[in-house]
Every structure is written in structure tokens, then in C-alpha cells.
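Observations on the model geometry
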Amino acid sequence: MRKDSGFLMTVLTLLVVSGAQAKYGGKGRGFDHDVPAIFSFGDSTTDPGNNQFLENPGAAFLANIAPYGQTFFDRPTGRFSDGRLWVDLLAQGLGLPVTAAYRDPATKDYTKGVNFASGGSGHFETTKTSLAAIFGGRTVTNIREQLEQFRRVKSTLIGSLGEKKAELLLDRSLYVISSGANDIAWGYLLNTTMQQVYSPDVYTTRIINATYDTVLALYAEGAKKFIINGQNPIGCTPANVGRNGGTCFEPANALCRLVNSKLPDLQQRLTRFCPGVFVVYTDNYKFLEGIVKTGSAYGFTKGSLACCGTGPYNGDVGGCGAFDANGAPVYNLCSKETLGEYLYWDYAHFTEKVNNLQTGFYINGREFVKPFNVSTLARC
Ligand SMILES: *[C@@H]1O[C@H](CO)[C@@H](O)[C@H](O)[C@H]1NC(C)=O
Ligand SMILES: *[C@@H]1O[C@H](CO)[C@@H](O)[C@H](O)[C@H]1NC(C)=O
Ligand SMILES: *[C@@H]1O[C@H](CO)[C@@H](O)[C@H](O)[C@H]1NC(C)=O
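Residues numbered from 1 in each chain as written. Chains lettered and ligands numbered in written order. Predicted model: local features only at pLDDT ≥ 70, side-chain atom pairs only at ≥ 80, totals over all residues. Heavy atoms only, no water.

Moving on, we get to the site of ligand 1. What surrounds ligand 1 is the set Thr126, Thr129, Ser130, Asn191 and Met194. Serine 130 is positioned with one of its side-chain polar atoms (N or O) 3.0 Å from an oxygen atom of ligand 1. Contacts to ligand 1 include asparagine 191, whose side-chain N or O atom sits 2.4 Å from an oxygen atom. Per-element tally for the shell around ligand 1: the top contributor is helix 3 (residues 125-134), with three residues. Partitioning the shell around ligand 1 into residue classes produces one nonpolar, four polar and no charged. (Near = heavy atom within 4 Å. Polar contact = N/O pair within 3.5 Å; in protein donor to acceptor, adjacent residues only side chain to side chain. Helix = DSSP H or I, 4+ residues; strand = E, 2+ residues; numbered from the N terminus. Nonpolar A, V, L, I, M, F, W, Y, C, P; charged D, E, K, R; others polar.)

With respect to the element layout, glutamine 358 can be found in helix 13 (residues 352-364). We classify glutamine 358 as buried; its relative accessible area is 3%. (Buried < 20%, exposed > 50% of the residue type's maximum accessible area, 1.4 Å probe, protein only.)

Another aspect to go through is unusual backbone geometry. Going from alanine 66 to proline 67, the amide bond is cis rather than trans, its omega being 5°. When you line up the elements, proline 67 lands in the loop between strand 3 (38-42) and helix 2 (86-93). Of note, the bond from lysine 370 into proline 371 is cis; its omega dihedral lies within 30 degrees of zero at -5°. Among the secondary structure elements, proline 371 is positioned in the loop between strand 10 (369-370) and helix 14 (374-377).

Ligand 2 sits among Val202, Thr205, Arg206, Asn209 and Arg269. Contacts to ligand 2 include asparagine 209, whose side-chain N or O atom sits 2.4 Å from an oxygen atom. Protein chains shield 37% of the accessible area of ligand 2, which is 360 Å² for the free molecule. The element that contributes the greatest number of residues to the shell around ligand 2 is helix 8 (residues 200-220), accounting for four residues. The residue inventory of the shell around ligand 2, partitioned by class, reads one nonpolar, two polar and two charged. (Areas by Shrake-Rupley, 256 points an atom, 1.4 Å probe, with all protein chains shown as cover.)

Extensive coverage of strand 5 (residues 174-178) is indicated by the burial of five of its five residues. Neither face of strand 5 is left uncovered, since the one carrying Leu174, Val176 and Ser178 and the one carrying Tyr175 and Ile177 both have all their residues buried. Examined bridge by bridge, strand 3 and strand 5 share five bridges and lie parallel to one another. For glycine 42, the partnering residue across the bridge sits in strand 5 and is serine 178. Bridge count between strand 5 and strand 6 (residues 225-229): four bridges; the pairing is parallel. Considered in strand 6, the bridge of valine 176 is made with isoleucine 227. (Pairing = 2+ DSSP bridges.)

Turning our attention to the state of the cysteines. Scanning the entire structure with this criterion turns up three disulfides. Two residues, cysteine 236 and cysteine 248, share a disulfide whose sulfurs are 2.2 Å apart. Across the disulfide from cysteine 236 to cysteine 248, rotation about the S-S bond amounts to roughly 115°, and the bridge is consequently right-handed. Taken together, the residues cysteine 236 in the loop between strand 6 and helix 9 (238-243) and cysteine 248 in the loop between helix 9 and helix 10 (250-261) connect sequence positions 12 residues apart. When sorted by exposure, cysteine 236 lands in the same class as cysteine 248, which is buried. (Disulfide = S-S within 2.5 Å.)

In this section: the confidence of the model for the protein. Here the protein averages 92 in pLDDT, and 92% of its residues register 70 or above. Considering only residues more than four positions removed or in separate chains, one finds that residues 1-25, a stretch of pLDDT under 50, has 32 contacts. (pLDDT = per-residue confidence, 0-100. Contact = heavy atoms within 4.5 Å.)

With that settled, the discussion passes to empty space enclosed by the protein. Counting across every chain of the model gives one cavity of 30 Å³ or more. Within this model, the largest cavity holds a volume of roughly 70 Å³. Together, His123, Ile177, Ser179, Ile207, Ile208, Thr211, Ile228, Asn229, Gln231, Val259 and Leu263 line the largest cavity. Those elements that provide at least two residues to the lining of the largest cavity are helix 8 and strand 6. (1 Å grid on protein atoms, 1.4 Å probe; cavity = no way out; pocket = protein on both sides within 12 Å on 5 of 7 lines; lining within 4 Å. Points joined across faces, edges and corners; volume = space filled by probe spheres on them.)

We now examine the pairing of strand 7 (residues 278-282). Every regular strand shows the same layout, with side chains that alternate between the two sheet faces. Among the five residues in strand 7, five count as buried, and that is most of the element. Alternating positions in strand 7 separate into two faces, Phe278, Val280 and Thr282 on one and Val279 and Tyr281 on the other, with burial throughout. Two strands pair when backbone bridges link them, and strand 6 and strand 7 are joined in this way by five bridges, in the parallel orientation. Along strand 7, the bridge assignment pairs lysine 225 with phenylalanine 278. Both strand 7 and strand 10 contribute to a ladder of two bridges, which runs antiparallel. Bridging from a neighbouring strand, threonine 282 pairs with valine 369 of strand 10.

Next up, the structure:
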């Protein structure tokens, strides 16, 4: 891996040999690793149901109604998909349970990690205030607040495990950061003042810098292994295509590409600045855009049409699961037999099939995760 990480690798190897493996080691999909837990930060791409526990006046976005969750859980869990999210599949790929929502009162054990993500959230306070202005004061938990929650979890772990064991657990764990799309969509593209103040280049650098600051804040708490999730082509979601006359909304895609183009430099800055840190980033943009725009791969044939929802391309925000005054469903829902042809489950979120495919790329692939894959990261 990196030349200057040799010493640290040796130290960690010694820790592993001297007993940590017995305590924390696990077996992933066909490989051994030493990752006890996953701590996850971000938006709806990774929210396992935190938003439904936001009260007074509630969350800007929810997914806690049927038919969300129908594929794996057989019930809505608050995840924005028909089944598991990529971070859940990643956890399972490492032999851990699906990720647990921090805000769920039933989540009490943090020793396998916990998930702080909140659908609709972003890095910037202005994204949160924009959403509140649009959605009648309703809210999200942004990254800064998710970091505060993580610090409380760390204290709890120290209380239950003692300082040494808690620190070893945090040192060996994976940290997922999957954010920025809402800063682009709601915080920038819907705010003309913001566009006058910041050029696309400067605004996307601010997203990169905010990600850098998030990694540094976690590093200060003892985190070492990071997965930074790149931007998807959000201009091609059913919501955007539906509003844009049937084609992808390119200004949104351009911003996503700009963020992704800055990930290699972010990765290098972080590993240079933080001794012992391992950062990988993912970039599925081309893969997903290719399927949307040029038809089929892996059996996907529906492009930007969502399986579940209302309106053009089933792309109305909040359409999936909507019902009328008599409680009768008013949304379209594809059959379970054809679900495998859909990339998008609802107006903006992927089906479990897509999530599973992506996670496979992240764990064992080469093309969409850089500079090395998660099975390698898990063994760092
Ligand atoms: C739009 O952006 C400006 C400039 O950053 C900010 O001051 C303002 O609060 C934003 N508007 C909303 C509705 O959030
Ligand atoms: C991003 O961070 C770099 C390094 O600290 C700094 O030089 C640059 O001015 C920042 N850019 C923006 C737009 O915040
Ligand atoms: C990715 O993972 C596989 C399986 O563990 C491994 O054999 C391969 O060398 C890895 N590729 C890269 C580029 O790290």
C-alpha cells in the first residue's frame, strides 16, 4: 500500500496477532478481515430509517410506508429502497448485521457500529435551511449533527467497554461517508443566490472540503478506514427526468461529475495529511449513467422509470406509497417479476438489486473503487 504506512501496518498486525483477531476478527464473503463495526454518515443513500424518529415537525423525507422495504424486510423500515441499502449489504458482506439506525430507540448496542445517516441531509447548514423553507419547517440531521451523535456513541462505548477496547474497536472499524447530493440538488440548484455567490467549481470544492473536514473530525476521534461514496448521476433520477421532459437534467449531472473529478485529490490529501489513514472512494457515475442512457446491462431495461410512484416516470417526490382520503393507494407499482428491470425504486432511489451490484463492486471490484477495494481496506 503506502510506503510510510509500513510501521503502522506492523503495529496493527501485532495487535491482531496478540488477540484482537479473536475478539474482533470476522469472516466476509470469502475473505478474512479484522473489521468489528461500520459507522455510517450521510443521506438517503445510507439512511436505515433515522428520519422516521425525527419529531416536531418531523423529517423532510420519509420512507416508512408500504411498499418500501417489501423485498428483504417484508415491511417498511424507513430505508429509501425496496430492500437493503448498499451499506447494509456491505455490512453483511463483512459478516455484520444490516446497519442499525442511531435514532431508533431499539438500537442500544454499538459494538457492531451504528448508522447516523438522514435522508435529505447534506454537509451544509444552508441545505438544511433550504429544505425547511420548502417543506414547512421539516428537517434533516446534517453531517455536523451526525458527528455529534458519533461522539456520544464513542462515550457510550468507552463507558461499556473501557477506553482501551473502545479505542481499538474504533481504530479497526470502517467509516462510510455518503453525502453531497442534497447540497447539489436542494442547496444549490434550487437557490439562485447560491449560484450567484459560488461558481460550480467553487461550490463543489466546498463539498470536497467539507468531506475532508468530516474525515479529519472522525480521525481526531480515532477513525482510520474510510469509504467516501462518490456522486451518482442525480440529473437522471425519475424526479429530474420527469420534470425535464424525459431527458437527464445535465446541470445536476455536471455538478456530480465535478465532485467526482476532485475525489482522487481528496484521497491523496487525506492520506498525506493523516498518518495511518486509509481512504477509498467510489465512483459509479459512468456505470449508472451508461445504463440509464444507453439501455440495458445486468437486465436493467427501464432507464429512469421508477418501479413505484406517481407522475411522469413515477418521479413525483413522495409519490411511492401515497394514498387518497379513503386510504386507497394512488401510486403505480411494478410487479415483483419485473422489479429486476428497474434501476430506480422510487423518485430518486435505487432498487436493492442496484445496491447489491454496487456493493459487490466496492468489496471485490477494481473499476469503481479507488485506489483499492473494500476487501483490501478491511485487511489494512
Ligand atoms: C440561498 O443561498 C443564500 C446564499 O448562500 C443563503 O443565504 C440563503 O439562506 C439560501 N436560501 C435558502 C432558502 O436557504
Ligand atoms: C478548500 O480547502 C483548501 C485547503 O485547505 C483551501 O485552500 C481552499 O481555499 C478551500 N476552498 C474552498 C472553496 O473552500
Ligand atoms: C479487489 O478484491 C479482490 C478480492 O479480494 C482482490 O483479489 C483484488 O486484488 C482486489 N483488487 C484491487 C485492485 O485491489
